[in-house]
Amino acid sequence: MRLLLISGSTREASTNTAALRTLAALAPPEVDAVVYGGLADLPAFVPGDDDAPPPAVGALRAALAVADAVLFCTPEYAGALPGSFKNLLDWTVGTGDLYGKPAAWINVAAPGRGTGALAELATVLRYVTVETIDAACVSAPVTRDALGPDGLVHDATVRAALTTALHAILNHLAARDLTSPASAQPPPPTTAGS
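Below: a short report on this structure. Numbers given to residues run from 1 along each chain, matching the order in which its sequence is written. This being a predicted model, a pLDDT of at least 70 is required before a residue's local features are given, and a value of 80 or more before pairs of side-chain atoms are given or counted; all residues contribute to the totals for chains, interfaces and linings. The basis for the side-chain values is all heavy atoms of the structure; hydrogens and waters are excluded.

Helical segments are the DSSP runs of H or I of at least four residues, strand segments are the runs of E of at least two, and each set is numbered from the N terminus. Helix and strand counts for the protein chain stand at five helices and six strands. From first element to last, N terminus to C terminus, the protein chain shows the α and β order β-α-β-α-β-α-β-α-β-β-α. Computation of the radius of gyration draws on C-alpha atoms alone. For the globule rule, the value is 2.2 Å times the number of residues to the power 0.38. Computed over its C-alpha atoms, the radius of gyration of the protein chain comes to 16 Å, within 12% of the 16 Å expected for a compact globule of 194 residues. Counting only C-alpha atoms and orienting by the principal axes, one finds that the protein chain spans roughly 45 × 40 × 30 Å. Burial classification: accessible surface area is computed with a 1.4 Å probe over protein chains only, and a residue below 20% of its type maximum counts as buried, one above 50% as exposed, and the rest as partly exposed. A burial count over the protein chain gives 45% of its 194 residues as buried. Throughout, a residue-residue contact means that at least one pair of heavy atoms, one from each residue, lies within 4.5 Å. Partitioning the intrachain contacts of the protein chain with sequence separation of at least 6 by distance along the chain shows that 82% fall at a separation of at least 24. For every accessible area listed, the method is Shrake-Rupley and the probe measures 1.4 Å; residues are considered covered only by the protein chains on display. Total accessible area on the protein chain stands at roughly 9300 Å², and carbon and sulfur atoms take up 56% of it. Charge counting follows a simple rule: Lys and Arg are positive, Asp and Glu are negative, and His as well as the terminal groups are ignored. Charge positions are represented by NZ for Lys, CZ for Arg, CG for Asp and CD for Glu. In the protein chain, 11 positive and 18 negative side-chain charges are present, and the distance between their average locations comes to 4 Å.

This is the structure:
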């Protein structure tokens, strides 16, 4: 089982990325939880470049293609999604890379913060028709001093929330495999106004 963990931050000491790395470390051996590291390498999205994407975009799409589920964790900049993260999402729209993909999010912002980014993320994820795993969408505030020397979160409450999210994803995938026949999917949505 392969989980793709995508942070919306390009900051080196990001608490969002630290939370995802911690979740990856908590994953059982049979789960391949991979933290995507190419956000800063993605060029600006240009409609029409989908047929011959730059190498960094090809790598993103390849990672999404083999992922059984995607977990996002993003900061909020100026009340909205960070531009670099929205750019990543834009690259997935026209080609349907997230279409029907089980997905969830984690919010590590302080209580009452990050709601603008999450609202925008939810809008985009609805547009690309991901299969949202509501039970895995958790809030677990992480402060910079909660990070250990290894860059992981060691706070027991946060780790418990991350474990809850991880188990919710795994349970969802297990139930999905039992109940959903492998059938042809409808075509992905098209990019409006491109």
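Remark: helix α3 (residues 83-93) packs on helix α4 (residues 115-127), axes separated minimally by 11 Å, with the N-to-C direction vectors making an angle of 10°. In terms of their interaxial angle, α3 and α4 are classed as roughly parallel. Taking contact as the criterion, the partners of F85, K86, L89 and V93 in α3 are, on α4, L121, V124 and Y127. Each residue is assigned to one of three groups, with Ala, Val, Leu, Ile, Met, Phe, Trp, Tyr, Cys and Pro labelled nonpolar, Asp, Glu, Lys and Arg labelled charged, and all others, Gly among them, labelled polar. In terms of residue class, the contact of α3 with α4 is built from six nonpolar, no polar and one charged. Each axis is a line fitted through C-alpha atoms, and for a helix only the stretch in contact is used; angles between axes span 0 to 180 degrees, taken between their N-to-C directions. Relative orientations are named as follows: roughly parallel for angles under 35 degrees, roughly antiparallel for angles over 145 degrees, roughly perpendicular for angles from 65 to 115 degrees, and oblique for any other angle.

Turning to the packing of aromatic side chains, a few remarks are in order. The criterion for an aromatic pair is that two Phe, Tyr or Trp rings (for Trp, the six-membered ring) have centres within 6.5 Å, with stacked assigned to planes under 30 degrees apart, edge-to-face to planes over 60 apart and tilted to the rest. As enumerated under the stated definition, the model contains two aromatic pairs in all. Seen from their ring centres, F45 and W91 are 5.0 Å apart, and the 85° between their planes marks the pair as edge-to-face. Taken together, the positions of F45 in the loop between β2 (32-35) and α2 (55-66) and W91 in helix α3 put the pair 46 residues apart, joining distant regions of the chain. On the accessibility criterion, W91 (1% relative accessible area) is buried. Relative to F85, the ring of F72 has its centre 5.8 Å away and its plane inclined at 65°; by these criteria the two rings are edge-to-face. Of this pair, F72 sits in strand β3 (residues 69-73) while F85 sits in helix α3, and the two are 13 residues apart along the sequence.

For the rest of this paragraph, the subject is the packing of α2 against α3. As a packed pair, α2 and α3 sit with axes 11 Å apart at the nearest point and diverge in direction by 75°. As the angle between them shows, α2 and α3 are arranged roughly perpendicular. When α2 is examined against α3, the residues V57, L60, R61 and L64 are found in contact with a partner set consisting of L88, W91 and T92.

Functional significance is not addressed by these values, which are geometric in nature.
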